[in-house]
Amino acid sequence: MKNIGIGVPRGDGVAKVTGKAIYVDDLHPDGCWHGATVRASCAHARIVKIERDPAFDWTDVVIVTARDIPGENVIALITDDQPCLADGVVRHVEEAVALVAAPERERALDAARHVRITYEPLPVLIDPEQSIGSPIRIYGENNVFKQITIRRGDPPTVGRVVRGVYHVGHQEQLYLEPQGMIASARTDAGLTLIGSLQCPYYVLKALKRLLGHDRVNVVQATTGGGFGGKEDYPSMIAAHAALLCLKAGRPVKMIYRRDEDIRATTKRHPARVSIESLVAPDGRLLSWKADILMDGGAYNTLSPVVISRGLLHATGPYACPHVELSGAVVATHSPPNGAFRGFGAPQTLFAAERHMDRIARELGRSPLEIRRLNLYRDGDVTVTGQTLYDVGGAAVLEEALAAAEAPLPAVAAQPGEGGASWRSGRGLALAFHGCGFTGNGEAWLKGKAALELRDSKLHILTGATEIGQGAETIFTQIVAEELGISLDRVEVARHDTAEVPDSGPTVASRTTMVVGAVVQETARRMRAALQAETGSTSRDFDTLLAARTVDSPLRTDHTYEPDPNLVWDEHRYSGDAYPTFGWSCGIVDLDVDEDTGVVRYRRFVSATDVGRAINPVLAIGQLEGGALQALGWATLEEVVRDDVGRVRSDRVTTYIIPTSVDSPQMVTRLVEIPYAGGPFGAKGIGEIPMDGPAAAVAAAIEEALGVVLDRLPMTPERVVAEMNVALSERSF
Amino acid sequence: MSGPAPTYGGAVVTARDLPEALALRAQFPEAVVLAGGTDLMVMMEAGQLRPGRVLNLWGCAGLRTISEDGGHFGALATWTDVARHPAVHPALRECARTVGALQIQNRGTVGGNIVNASPAGDSLPLWLALDAVFEVASLRGARRIAAADFWVGYRRTALAPDELLTGVTVAPAGADAVLYRKVGTRLAQAISKVVVGARIRQVEGTVTEARIALGSVGPVPLRARRVEALLVERGLDPDAADAVVDDIAPIDDVRSTAVWRRQVAQRVLRRWLVEQRAFSARNARQ
């Protein structure tokens, strides 16, 4: 193969590193005004009145409230519970209440500060543990957005009981480019939205409902990272920009400041996972019961799907004859949580892996041995009754162990380290991750793509976006390989909903595996169409081109066809939850300062079953970036909130993500166990690197210091606090 | 499509040398002073500061020099200048390399760190430990202020409105044991959560002078006077570190907790004292 399995340079790379790529804030439409958002200062209150400060000069300022919405006041997604602008009542701090626009950004921000809102406070519910059955109603009958129970097998009568409770915190996506959007009028009295986003068709759907008509199109600007944070939230900022544009009668740009972005937009769901298992004396799992509670925040957003994916990964990659899983995602008066790389799975996999370590500890066996014994193999059956094939669990475990035998890199002394007392530890964790949408999701989505032959070039038309992961380069490679042509003859069309079909959202580790397969089929059809048109049976693309007698553009379309053998019952939660799974094993070596609890990463070794690496350089980039994001979540990243849910760590100096010097040496091995339904065998890899590392870090700290950490993030403060607890327990 | 990026709307006055700087300072005592700008830009971007006027000193090249013996610093010496100067005390050079990251070290200045007066300022405890003297000047004349008298309250200094910091002098530390320790959450671009500068002088096995200073553990960088007194009284006794918890007044904030800061301050000092005692014992045997 000439174009597959090769690390060809990414098509968007040069423009990005030379600063030539055009992001939304680089666009300056003529006469464009700037928008700002007036946000709620309380978590739950009735809005008594909204007034303009009479002392402020309101010349050249427009104000928008819920009354200005031409269609429905809703951000349409799964349910319609979230308003575009609070109307009568606010349900979380930072909820948008009003909007302003002015000729300059500073003036818009100033004006927003001079919109006065009078509130009548209402009772506030912030603790998710208090949500179900609380007299304070936020959502439905009992504050539950979604509850799921799955059972399989009969409970065993004997076995040793091992119980554990695990907690994970919020996480902020911290894409480099904050949320941003421009709305401008079209000649047909419709609107065009251009912005930083992952899913143009989600925004389109929301805007149609808001505007009450469908004269709207959505264009993706170059996007500086998403990680799920630009899956659902762009619909909100797009709705706001659209309303301001209508009221001001001119283009309006909204760019969030970093602090506003961190305070107001979605985060990873915090979760509490309680696990009770029964194990045989040799360590074999007999029963696994998990109860999961996630904090959804004030509105539904994507929470039902997050709890679902969390549940479906809550056993970890281990076979067990009896499994009972129950999970609920509940409402609180907090800013809504939403999509973040991993989408519920990192939360439950952290708990599952810590629980495997707990079993090993209580049985006096090695964590590695316990894992080897229980790991899923081909033919094993999951909690939903899915028989697994193409299982890479054992392969990635042995590959990672082999790679970790290499000597560790030397420690470079850091300035200001003084007499730090480092203790070393190693931890291991495994993960599996379902690729693509859950259950019938892909059948329901019907992801489409098209290929157009124009001027001897092939143009890929897809709504699947480039968000830094390399999707455009991958699609280009797939088409070039399928047609046997060079990469420079393939281009990816601009992501404008007026021009490209709906490929489904750019989420769920589905872009390469699912949309890539659709793109591959459009290329096959292109060849067939050329053969039909020319009457030639040649497979050679240039021969077919030369045989054409017309020069008209040619287009082929395709819609995703899920494997007909996959069966899923949405009501009973049984059947094939995912077309296939990715598998990963991570081994972290770290030092932790026993005086301060500060962790320094030495090396992160991983082996991941990617099915087939279309572009190994991009695949490794995804895996290493994801691992670093997970290591940050493990020890650095803490969303600090006050008692009404307002985020206080709202800047990059207070919400701490790792820098390059905090990064360990990364050793990344690709294992390729192909999935027949993916292009050239590819599985999805976007999320799996987020799943395992935090548990490996906890295990490594445990080895280094002898303290058991079952709560994320493991900040220095928490490590030291746990050491204090361990010390006081030992002295009694 | 065209249009400019937003720019700073206030006035900027720029000085080329010290006399010009002092004249402008006298004329505009309300102006916010810009040295390297590494704190100022962050505060302006965060909306915490919207100065009507900025006095830009960055071009005053004469204030950037470090003396050949490494004992005198112009206020505009950058952290890169400090880190690269071979005669500067190793603890100060080490400190310089903990400030922000390379880009910040290229712009951030000694004087900016001192006058910004953040309780978390990376270098401040070290100036206290080294008995630094700050040279300040105005059109009215020049004067010297000991580091221990400079930070008078949360983000407040002893500078008069018309005064500028022009330089810093540190006494030679000779064979004194000097510690610089910065505990942040990550290795670069980190604001200290506990920062320690310490110096102990021994004459024939007796502690004659102890300076133990800490930052991020109170409203100002401060000296742990109880620990200092115990060290002079008892010699290199690691237990003296325990007294630090009464010398400092840390708080819970968005970065850390008071409990952790107290414990870390005590442990960092204790470990250093244990090391110094062992080192002294080895020297005494030789």
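Keep in mind the model is a prediction, meaning the values are calculated, not measured. (Residues numbered from 1 in each chain as written. Chains lettered and ligands numbered in written order. Predicted model: local features only at pLDDT ≥ 70, side-chain atom pairs only at ≥ 80, totals over all residues. Heavy atoms only, no water.)

## So, the confidence of the model for chain B
Residue and element names in this part refer to chain B.
- Taken as a whole, chain B shows an average pLDDT of 95; of its residues, 98% reach a score of 70 or greater.
- Predicted confidence is poor over residues 1-6, with pLDDT under 50, and the contacts of this stretch with residues over four places away or in other chains come to six contacts.
- Model confidence for the complex is summarised by a pTM of 0.97, with the ipTM given as 0.95. (pLDDT = per-residue confidence, 0-100. Contact = heavy atoms within 4.5 Å.)

## Re the interface of chain A and chain B
- The interface of chain A with chain B comprises 39 residues on the first partner and 37 residues on the second.
- Counting the surface chain A buries against chain B, the share from its top three residues, A:His28, A:Asp595 and A:Glu717, is 18%.
- At the boundary of chain A with chain B, the tally comes to seven salt bridges.
- Here A:Arg651 makes a salt bridge to B:Glu45, at a shortest N to O gap of 2.6 Å.
- One can count 22 residue pairs in polar contact (both at pLDDT 80 or more) joining chain A with chain B. (Buried area = accessible area lost by both parts, 1.4 Å probe. Salt bridge = Lys/Arg side-chain N within 4 Å of Asp/Glu carboxyl O. Polar contact = N/O pair within 3.5 Å; in protein donor to acceptor, adjacent residues only side chain to side chain.)

## Examining the sheet that holds strand E24 (residues 599-609) of chain A
Residues and elements named next belong to chain A.
- As summarised here, the arrangement of the four strands in space is E16-E23-E24-E25, forming an open sheet in which the pairing is mixed. Both outer strands of the open sheet, strand E16 (422-435) and strand E25 (665-671), are each paired with one neighbouring strand and no more. When the angles between neighbouring strand axes are averaged without regard to direction, this sheet yields 15°.
- Relative to E24, strand E23 (residues 580-593) runs antiparallel, the two sharing ten bridges. The partner of Val 592 across the bridge, within E24, is Val 599. (Pairing = 2+ DSSP bridges. Helix = DSSP H or I, 4+ residues; strand = E, 2+ residues; numbered from the N terminus. Axes fitted to C-alpha atoms, helices over the stretch in contact; angles between N-to-C directions.)

## Digging into the domain arrangement of chain A
Residue and element names in this part refer to chain A.
- Here the domain parsing of chain A yields domain 1 (26-122 + 173-264), domain 2 (271-438 + 574-731) and domain 3 (441-559).
- Here domain 1 and domain 3 have C-alpha centroids that lie 35 Å from each other.
- Each side of the interface is counted separately: domain 1 has 15 residues, and domain 3 has 15 residues.
- The contact between domain 1 and domain 3 buries some 1200 Å² in all, and 56% of this surface belongs to carbon and sulfur atoms.
- At the junction of domain 1 with domain 3, the criterion picks out zero salt bridges.
- In this structure, the connection of domain 1 to domain 3 is made through eight residue pairs in polar contact (both at pLDDT 80 or more). (Domains from an automatic or database assignment.)

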